[in-house]
Structure formats: C-alpha cells, structure tokens
Amino acid sequence: MQQEDIFQAYKPLLFSIAYNMLGSVMDAEDCVQEAFLRWYQAKDHGETEAVRSPKSYLSTMVTRLSIDHLRSARVRREQYVGVWLPEPLITTDETSVTGMVELSEALSVAFLHLLEQLSPLERAVFLLRQVFDYDYGAIATMVQKSEDNCRQIVRRARQHLGARHALYHASREQQEAILHQFLRACQDGDMDGLLGLLANDIVIYADSGGKAPAVRHPICGADRVAQHLLGVVRKVLEDFRFRVALINGQPGMIVYRNGAPAVLLALEMLDGQIWEIDVIANPDKLQGVPALN
C-alpha cells in the first residue's frame, strides 16, 4: 500500500482511539497527525516494525501520544471551571458524522465522562481491550507493560467503573421512543410524565467552562432533575428551537438560539429509563455542531 492509502485506511481507527482517550476532536486529530509523522520518519529510517506492520506501529504511537497528552491535560481539567465533559461528535442523520470516527466506535458522552475516573494508562488499556478488542499481547507491547499487568488493569478498571455503567445500550428504537417522550413531557410541563422516564438516582452534569449560563455542580435525584428541567424549559421555550440529533451515537438534542447552537443535551439510557443527562454549553465545544437550517 502507498503512504496515502495507509493514511486513509487507518485514520478512522487511530482517530477513534485518540478521541475516546482524550474526549477532544482537535487533540485527537493532533495525535493522529503526530503518529503518522513519526511513522513516516521511522519507515524512512528502515525501522522494521514501521515497515512490516504500519497498523501496529501507528496504533502504538497514537496510544502512547494519547497517554502523554492526557497526563498533561489532567492539570488543566482540574483547574476547569465547573464540570468537564468531552467534546461531542454530532450527526443529525445516520449517514454522516463530525470528525473521522464511526458512530459505533464513539463511546457515549456519559461513558467518556465516567472514564475520567481512570488514570491515563488504565484508560488506554481498558479501551484497547474492551472497545477495540486488541489482544493482551498487543496491548502489553503498546503500553510497555506485561500481559498479566494489563489483565489486572482491565479487571481493576471494570471494578472501578461499576457493573451498572455498560458499554452497550438499548436498541435505537427504544432510545428514540424515550427521547421523544422526554421532549413531549418537557414541552408540555408534564411532571408526572417526566418522572416516569427518569431513574431515581439520575444525575445532570453541565459543562459551560464558565463561558455560558449553566449549573456548576451536578443535580441528583429524579425530583430535583425534573424540577430543574421544567424550570429551564419554561424560561426558554419561546426563544429557542430544538433539533433531535445523534450525539456520540446516542439519541439527544441540540438547542438553538437565533439559528446557532447554544446547548447540547446527551441522554444516557438504560433499562428503559434516563439515568444521566449531560449538558454541554461551553461554546468552544459546540463549534462542530451544525447550524439550524
């Protein structure tokens, strides 16, 4: 394969690894570009692995670069104003998606937020095994740890994340049905209907980065969440427009003001209920969201 063919063949996979590690489109793209640059240089110098197995070499490079980047980003995220949520990947239909990642390879906003609890190394090993299905031998080489150590890391990560937070969700039809019931209940001011959709221990997380109006601390519990949502909808219903969208492959919605995206809501659904709502209002993270036509 020619260099350009290799670039096109492996770019989606590499972007998926980097994005799910970092939660940032721009940072993921930078890591992918740097990985290819290093591969070009290694291949030109005749390094065996770069020549023999471009996929293995590139996956290793993008993983290590992502780990290093995440370690440096942790300090910035600790200083972030309010809750930090990942930059979303948006599509308003099933034929296109912002960025270079397939919808099936993008973890939900809620799960990426949950992965912030893991160390950069734990996150890399967990993702490579659970999402990208690399064997432990390959992972050990990529992160420079033993296979037994990688198995232990995955086991600890699973325990840390908890059994409730699954990688897999209800069918798309079930999710869309819940989303439309949620929208109707919010627009109609139907408290009982809304409470029927919310898990008892639901949580709202809002990310504004201090640059837009949003609550800075999580809101927990079905009653408090429902009251908050209905209060917000009453204030904005006339000035804002709503559009249903796929957000990291999960049904959600974009809220527009004067045709420009103002807020994004990603809903995490399990067992027929909504158990997390992630609100992204930081304008820096909405730059890739399509305008309202």
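Since we're looking at a predicted model, the values are computed, not measured.

Chemist: Help me out: how do you make sense of the overall build of the chain in this one?
Modeler: Looking only at helices and strands, the chain has eleven helices and seven strands in total. For 293 residues, the compact-globule formula gives about 19 Å, and the C-alpha radius of gyration of the chain, at 20 Å, lands near that figure. Reported as C-alpha extents along the three principal axes, the dimensions of the chain are approximately 65 × 40 × 40 Å. Taken across its 293 residues, the chain has 50% of its residues classed as buried. Pairs at least 24 residues apart make up 66% of the contacts formed inside the chain by residues separated by at least 6 positions. Put simply, the chain shows about 14,100 Å² of open surface, and 47% of that area lies on carbon and sulfur atoms. Here the chain contributes 29 positively and 37 negatively charged side chains, and the mean placements of these two sets differ by 5 Å.

Chemist: For this particular structure, what's the right way to read the sheet that holds strand S1 (residues 90-91)?
Modeler: Whenever strands of a sheet pair, they do so through backbone hydrogen bonds, lying parallel or antiparallel. Read across the open sheet, the seven strands follow the order S1-S4-S5-S6-S7-S2-S3; overall the sheet is mixed. The open sheet is flanked by S1 and strand S3 (219-220), the only strands paired with a single partner. Note that S1 and strand S4 (residues 240-247) share two bridges and pair antiparallel. Residue pairing for S4: Ile-90 is matched across the bridge by Ile-247. Those strands touched by helix H9 (residues 172-188) are S4, strand S5 (250-257), strand S6 (260-270) and strand S7 (273-280), and its axis lies near 35° from that of S5. Contacting strand S2 (198-207), S3, S4 and S7, helix H11 (residues 222-236) crosses the sheet at an angle of about 50° to S2.

Chemist: Where do I start with the packing of aromatic side chains in this structure?
Modeler: Working definition: an aromatic ring pair is given by the centre-to-centre distance plus the angle between the planes. Under the criterion given, the structure shown has six aromatic pairs. Judged by centre distance (6.4 Å) and plane angle (85°), the rings of Phe-36 and Trp-39 are edge-to-face. Of the two residues, Phe-36 and Trp-39 both sit in helix H2 (residues 25-44), three residues apart, roughly one turn of that helix. Since its relative accessible area comes to 1%, Phe-36 is described here as buried. Take Trp-39: its relative accessible area is 1%, and that puts it in the buried class. Taken together, a centroid distance of 6.4 Å and an interplanar angle of 40° make the contact between Phe-36 and Tyr-40 tilted. Placement of both Phe-36 and Tyr-40 in helix H2 is noted, with a separation of four residues, approximately one turn of the helix.

Calculation rules
Residues numbered from 1 in each chain as written. Predicted model: local features only at pLDDT ≥ 70, side-chain atom pairs only at ≥ 80, totals over all residues. Heavy atoms only, no water. Helix = DSSP H or I, 4+ residues; strand = E, 2+ residues; numbered from the N terminus. Rg over C-alpha atoms; globule rule 2.2 N^0.38 Å. Buried < 20%, exposed > 50% of the residue type's maximum accessible area, 1.4 Å probe, protein only. Contact = heavy atoms within 4.5 Å. Areas by Shrake-Rupley, 256 points an atom, 1.4 Å probe, with all protein chains shown as cover. Lys, Arg positive; Asp, Glu negative; His and termini not counted. Charge placed at Lys NZ, Arg CZ, Asp CG, Glu CD. Pairing = 2+ DSSP bridges. Axes fitted to C-alpha atoms, helices over the stretch in contact; angles between N-to-C directions. Phe/Tyr/Trp six-rings, centres within 6.5 Å; stacked < 30°, edge-to-face > 60°.

None of this, on its own, says anything about what the molecule does.
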